[in-house]
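Each chain, written out:
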Amino acid sequence: MSFSLLQSLRYRSLETPIHRLDPRVKLLASLSFLSTALLFGDFWGGLLSVSTAIILTQLVLLGVARSASYLLTTIRGATPLVALVFILSLWGAWDLTPQLVELIYRATGSSIRFLAFITSFNLFFLTTSPDEFGKLMLKLRIPYVYTFTFVAAVRLAPVIADEAQEIINAQRSRGVEFERGNPVKRVRALVGVFIPLLVNSLRRAYEMAEALEVKCFGASSRRTTLRDIKATRRDYKAALLVLSITGAVFAAKYLGLFTGLP
Amino acid sequence: MIEFEKVTYTYPSGVTALRDISLSIGGGEIVALMGENGAGKTTFLKLLNGLLKPTSGVVRVDGVDTRTTTVASLARLVGLVFQNPDSMFFCPTVLEEVSYALIQFGLSKEEGAKQAEKTLISLGLWHLRNLSPFTLSGGEKKRLAIAVVMAWSPKYVVIDEPTSGLDGRGKRTLKELLEELLRGGKCVIISSHDVEFVSEVASRVVLLRRGEVIADGPSEEILTNTELLTSASLLTPQIPALFKELRDQGFRGLNHRCIKMEDALRELSSLLGRPNLDLRSGSA
């Protein structure tokens with residue numbers, strides 16, 4: 001049992017062209033991945049699909065950002081969920097489509113589309129620091145309190161994942177076996193993970209609230225930042241590229257260039 | 001006997017925490033793993049009960065290769081107490097917390113409760129039996145974490161940073177507890193930065209630096225070697241530091257391997273020419 005899905009979204013500070021991009025451009029790209037995956041779910045299918053193209057595009061971009069392995073970690077972590085989607089798709093369409101090959105083809109398409117959903121924000125989270133994320137939210141005129149809450153939550157997610165892993169290790173050291181026994185026994189074993197995790201998280205939240213009070217959080221309603229995010233010529237070019245590709249794909253769909261299942 | 005044979009461990013992130021470690025730990029000793037932060041101490045401890053499997057090399061616990069067995073079965077032999085006791089607790093009461101693992105190991109509820117009662121009494125925690133583990137003090141939590149492990153009486157007791165968060169009284173109680181375990185024939189392995197505590201309890205010190213063993217020997221030998229300790233970012237314990245200072249001042253007869261308080265008092269009494277002098281009370 002691991003928390004690889006959460007771990008794979010942890011920001012890694014690296015100096016690459018993707019990391020240096022304006023976070024707004026990366027957000028735009030991730031939104032583009034998500035919306036394209038949403039829109040093209042019914043077209044093509046199987047392994048050859050728009051969703052596959054989205055995942056491969058992310059793989060290439062994360063390769064440039066020297067973080068491709070984390071996308072693979074996400075995919076590995078999401079495998080049980082993807083398998084569940086595959087089974088549910090097969091089961092759901094059993095009465096509608098009599099041919100098994102077509103059924104498998106559709107279920108594969110749905111599974112990959114689901115994977116494209118899950119991974120659509122990998123590029124953004126892996127290459128955007130929580131600080132940049134916060135500045136981005138402020139640029140979008142979201143009040144600072146909410147921005148801070150969200151950024152703190154994002155920052156703490158990997159910490160909590162580490163802690164959860166430590167608790168799992170502690171319970172395994174007491175003879176708890178998470179991978180054995182019937183489903184009821186397995187769920188009961190998880191109680192030993194969630195209770196300490198909840199208690200520790202609440203304690204951490206309380207301590208953080210106290211630390212914020214000590215640092216006079218909220219004393220001033222007008223905030224300034226030392227470093228602001230500013231788009232450069234390169235960022236505009238990247239944004240234009242993202243919009244052009246997404247626009248072209250959307251236009252192609254409405255012009256009927258994408259047909260149904262081959 | 002725990003054996004490490006050319007053990008290397010590399011985390012999935014690519015960080016190599018331990019390199020080519022070969023050593024063996026037998027029964028009836030308290031072994032202290034020491035070294036700077038990130039030296040590989042916790043990784044070493046997690047290899048002992050199979051939570052981590054070596055990337056290369058072999059770890060054997062009483063002849064069993066940790067790669068070929070489960071953590072649950074190794075846990076019967078190797079009881080690991082985590083640095084943060086809060087990671088272990090989730091039951092509503094102290095008594096249930098201690099009996100939980102016993103039930104996991106196949107004891108009935110009644111047998112588990114009976115054994116837990118015995119353990120809590122022996123560790124002086126019986127009066128806390130109905131409290132929630134989360135409401136205990138730092139020292140009590142540490143003792144409870146040890147009680148949780150001691151309940152099933154593993155042959156090897158492994159404690160990660162036993163003195164972190166403990167006050168003086170807590171450390172004294174812990175020292176007595178470790179000595180009790182040793183008398184009971186257990187092998188105790190601790191990881192610690194606390195040179196004073198280690199000098200009082202450990203019979204052997206393994207010094208780690210950047211994943212490699214740089215020294216392994218009797219504590220009297222390692223903890224009096226200032227250069228070695230400094231190279232591992234550790235301080236020299238106060239007694240050897242004081243004795244070194246005295247020797248430098250011309251008191252040549254002092255034992256340069258002295259690290260324990262009792263031995264130091266004896267040495268100083270002889271130095272004063274009054275071997276029967278009780279330096280604690282000042283009376284002859």
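This one's a predicted model, so the numbers in the text were calculated from it and none came from an experiment.

Asker: So what's going on with the overall build of chain B? Which residues, and what values?
Answerer: Scanning chain B for helices and strands turns up 11 helices and 10 strands. For 284 residues, the compact-globule formula gives about 19 Å, and the C-alpha radius of gyration of chain B, at 20 Å, lands near that figure. By its C-alpha atoms, chain B is 65 × 45 × 30 Å across when sized along the principal axes. Across the 284 residues of chain B, 43% fall into the buried class. In chain B, the proportion of contacts linking residues at least 24 apart, taken out of those at least 6 apart, comes to 60%.

Asker: So what's going on with the sheet that holds strand β4 (residues 56–61) of chain B? Which residues, and what values?
Answerer: All names here are of chain B. Pairing within the open sheet is antiparallel, and its four strands lie in the order β2-β1-β4-β5. The open sheet terminates on both sides in strands that have one partner only, identified here as β2 (16–25) and β5 (64–65). In terms of strand pairing, strand β1 (residues 2–10) meets β2 through six bridges, oriented antiparallel. Residue F4 lies in a different strand from β2, and its bridge partner there is L23.

Asker: Which residues make up the interface of chain A and chain B, and what are the values?
Answerer: In many analyses, interface size is given as the accessible surface area lost on bringing the parts together. Taken together, the 16 residues of chain A in the interface contact 19 residues of chain B. Among the elements that make up the side of chain A that touches chain B, the one with the highest residue count is helix α10 (residues 183–214) of chain A (six residues). In terms of residue class, the side of chain A that touches chain B is built from seven nonpolar, five polar and four charged.

Asker: Pulling in residues and values, what's your account of the pairing of β1(B)?
Answerer: Regular strands place their side chains on alternate faces of the sheet. All names here are of chain B. What sits between β1 and β2 in their antiparallel hairpin is a turn of five residues, with G14 showing a positive phi close to 100°. Where β1 meets β4, five bridges bridge the pair, whose relative direction is antiparallel. Following the sheet pairing, E3 is matched in β4 by R60.

Asker: If you had to explain the environment of B:V148 to someone new, which residues and values would you point to?
Answerer: Looking at where B:V148 falls in the secondary structure, it is placed in helix α5 (residues 138–150). For B:V148, a count of 28 C-beta atoms within 10 Å corresponds to the buried category. As a C-alpha pair, B:V148 and B:L102 span 46 residues in sequence and 8.9 Å in three-dimensional space. For B:V148, the contacting residues outside a window of four places in its chain are A:R174, B:M88, B:E97, B:V98 and B:A101.

Asker: Which residues make up the packing of helix α3 (residues 94–104) of chain B against α5(B), and what values do they have?
Answerer: Describing two packed helices takes the angle between their axes plus the distance from one axis to the other. All names here are of chain B. The interhelical angle for the contact between α3 and α5, taken along N-to-C directions, is 35°, at an axis separation of 8 Å. Crossing geometry of α3 relative to α5 is assigned as right-handed. Residue-level contacts link V94, E97, V98 and A101 of α3 to L144, A147 and V148 of α5. Looking at the contact of α3 with α5, its residues break down into six nonpolar, no polar and one charged.

Asker: How would you sum up the pairing of strand β7 (residues 156–160) of chain B? Please name residues and give values.
Answerer: Residue and element names in this part refer to chain B. Within β7, five of the five residues are buried, which leaves it mostly tucked inside the rest of the structure. Because side chains alternate across β7, one face comprises the buried residues Y156, V158 and D160, and the other comprises V157 and I159, equally buried. With four bridges joining them, strand β6 (residues 78–81) and β7 adopt parallel strand pairing. If you follow V78 over to β7, its bridge partner there is Y156. Read as a crossover between parallel neighbours, the route from β7 over helix α6 (residues 168–183) to strand β8 (residues 187–191) is right-handed.

The rules behind these values
- Residues numbered from 1 in each chain as written.
- Chains lettered and ligands numbered in written order.
- Predicted model: local features only at pLDDT ≥ 70, side-chain atom pairs only at ≥ 80, totals over all residues.
- Helix = DSSP H or I, 4+ residues; strand = E, 2+ residues; numbered from the N terminus.
- Rg over C-alpha atoms; globule rule 2.2 N^0.38 Å.
- Buried ≥ 20, exposed ≤ 12 C-beta atoms within 10 Å, placed from the backbone.
- Contact = placed C-beta atoms within 7 Å.
- Pairing = 2+ DSSP bridges.
- Nonpolar A, V, L, I, M, F, W, Y, C, P; charged D, E, K, R; others polar.
- Axes fitted to C-alpha atoms, helices over the stretch in contact; angles between N-to-C directions.
- Left-handed = near helix turned anticlockwise from the far one by under 90°.
- Right-handed = clockwise from strand over helix to strand, strands pointing away.

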